[in-house]
Structures are given as C-alpha cells and as structure tokens.
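# Fold and geometry: a report
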Amino acid sequence: AEGCLLTYISESCPGFLVGFKSERRPVIRAKVVGMQEVDSGNDVYGNPIKRLRFDVKQMKMFKGPTQDIDAIYTAPSSAMCGVTLDTDGKKEYLITGKLEVDGTMHVTLCDFMEQWETLTAMQRKSLTERYETGCDCRITRCTSIPCMISSPAECLWTDWVIEKTVNGEQAKHYACIKRSDDSCAWYRGSAPPRKDFLDIEDP
C-alpha cells in the first residue's frame, strides 16, 4: 500500500494502511440523509442482487471525480461486507470507496469511514496537506515481532501488532512522507515537516 492518502482496512479484512492514488478511489466528507434497498442486477443464477443506497449530501471532495457524489452503495448486510451509517443527516463522515465504471461509488467494510468529529487534527490536516507527500512511499504492515522493511522507501506500520487495532497511534497521528534522499519516514505533527527532517533527520 502506498503512503499517498492514507486510510486503513478494517479488522474484518487484512488490516493495513492503503494509499488512495487512483482516481477511482474517491474520498469525500458527507452527511447521510437517507437509505433505500435497490436492485442491482442478477447473479449468475438469475437471482436478484440487492444493494443499499445511502443518499448523501457531499460537503467536500478531497479526491475523486469532478461531479458531486449524491449516493453511495453497499451490500445489504455486514456478513457481505456492507456498512451501516446513520441516516438522520446530523453526522458528518469521511468516506472512502471505489468508483465503478458507471460512475457510482461503492463502499465496503474494508473502506475507511469515520465520523468527521472523531478524526484527529493530524488526520484532518493531512487530507489536504500531508499524505500527498508520501505518494512514492509504501506502508509495510507488521503482523508479528520481529518485522522489518525491505526498502528505504517503506514505513513500518505497527499499530496492529502493538495496540491490536488498525486505528492506533500511527494511523491517528502520523503520515509516511518522502524525504530528500527518496527514503520514507513517519512524521508526526500538524505543522509542515522541517527542512532538516526532510534532509535526513531521524523522525
């Protein structure tokens, strides 16, 4: 996974940080204002495929298509990796997902969805100012001790092995950024990295 726009994959999936380099991976801030079950074609046996459609009011697009996203689609149950969101329009979410060829946005349990108010200052600031500096970096997930990186262009992600959560200190407060020698390192703080950090200062 790259160090570009960082998010995580949930515990139900192989947990690790992922980058949202692709334009087909939109990142939006939105309120959910409604939900309905819809048909989305048939499976190979001719049985109808159901999806939940969440109607959303997009507040901001951090990454994605030029047009606003007014709905997101998911499977009808968590057993099928479907998500559950409050639909009263009061809570704002940061939502990531996948843009299908027909232009619709689909989300699963493996996508990052958090209430906006629960994001740390680092996470919010990094959405527009920090994560893009790590687009050439790679996040390597540590699942057991010992673990190590195989390239200087990697950052070792240890939240899961140390804290048993994918939303630990690194995910909340750090960004993996590229330094002047093309190596990558974790950076903490809402201020822009100092030149001496970028010029090979230990993080």
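Residues numbered from 1 in each chain as written. Predicted model: local features only at pLDDT ≥ 70, side-chain atom pairs only at ≥ 80, totals over all residues. Heavy atoms only, no water.

An unreviewed UniProt entry annotates the protein chain as Metalloproteinase inhibitor 2 originating from Fundulus heteroclitus.

### So, unusual backbone geometry
The phi angle of most residues is negative, glycine excepted, and most peptide bonds adopt the trans form. Residue Ile 145 is joined to Pro 146 through a cis peptide bond whose omega torsion reads 0°. With respect to the element layout, Pro 146 can be found in the loop between strand 10 (138-141) and strand 11 (154-157). Backbone geometry at Cys 81 places phi at a positive 70°, although glycine is not the residue there. One can find Cys 81 in the loop between strand 5 (71-74) and strand 6 (92-96). (Helix = DSSP H or I, 4+ residues; strand = E, 2+ residues; numbered from the N terminus.)

### Some remarks on the side chain of Gln 58
Mapping Gln 58 onto the fold places it in strand 4 (residues 48-63). A polar side-chain atom of Gln 58 sits 2.8 Å from the main-chain amide nitrogen of Ile 69. Excluding residues that lie within four positions of it along the chain, Gln 58 makes contacts with Ile 28, Arg 29, Ala 30, Asp 68 and Ile 69. (Polar contact = N/O pair within 3.5 Å; in protein donor to acceptor, adjacent residues only side chain to side chain. Contact = heavy atoms within 4.5 Å.)

### Remarks on the pairing of strand 3 (residues 27-42)
Bridge count between strand 3 and strand 4: 13 bridges; the pairing is antiparallel. Bridged to Met 35 within strand 4 is Phe 54. Here strand 3 hands over to strand 4 after five residues, with Gly 46 in that stretch at a positive phi of 90°. As defined by bridge partners, strand 3 adjoins strand 6 across five bridges and the pair is classed as antiparallel. In the sheet register, Ala 30 faces strand 6, and the bridge partner there is Tyr 93. (Pairing = 2+ DSSP bridges.)

### Quick look at the state of the cysteines
Going through the model one piece at a time under the given rule, you end up with two disulfides. Covalently, Cys 142 is tied to Cys 147 through a disulfide, its sulfur atoms 1.9 Å apart. Across the S-S bond linking Cys 142 and Cys 147, the dihedral sits near -90°, which makes this disulfide left-handed. Classification of Cys 147 by relative accessible area gives partly exposed; the value is 26%. Two residues, Cys 155 and Cys 176, share a disulfide whose sulfurs are 2.1 Å apart. Taking the sign of the torsion about the S-S bond as the criterion, the disulfide between Cys 155 and Cys 176, at about 80°, is right-handed. (Disulfide = S-S within 2.5 Å. Buried < 20%, exposed > 50% of the residue type's maximum accessible area, 1.4 Å probe, protein only.)

### A closer look at the sheet that holds strand 6
Strand order in the open sheet formed by seven strands is 7-8-5-4-3-6-9, and the pairing between neighbours is mixed. Strands with a single pairing partner mark the edges of an open sheet, and in this sheet they are strand 7 (98-99) and strand 9 (113-115). Bridging between strand 5 and strand 8 (residues 105-106) involves two bridges; their strand directions are parallel. Bridging from a neighbouring strand, Tyr 73 pairs with His 106 of strand 8.

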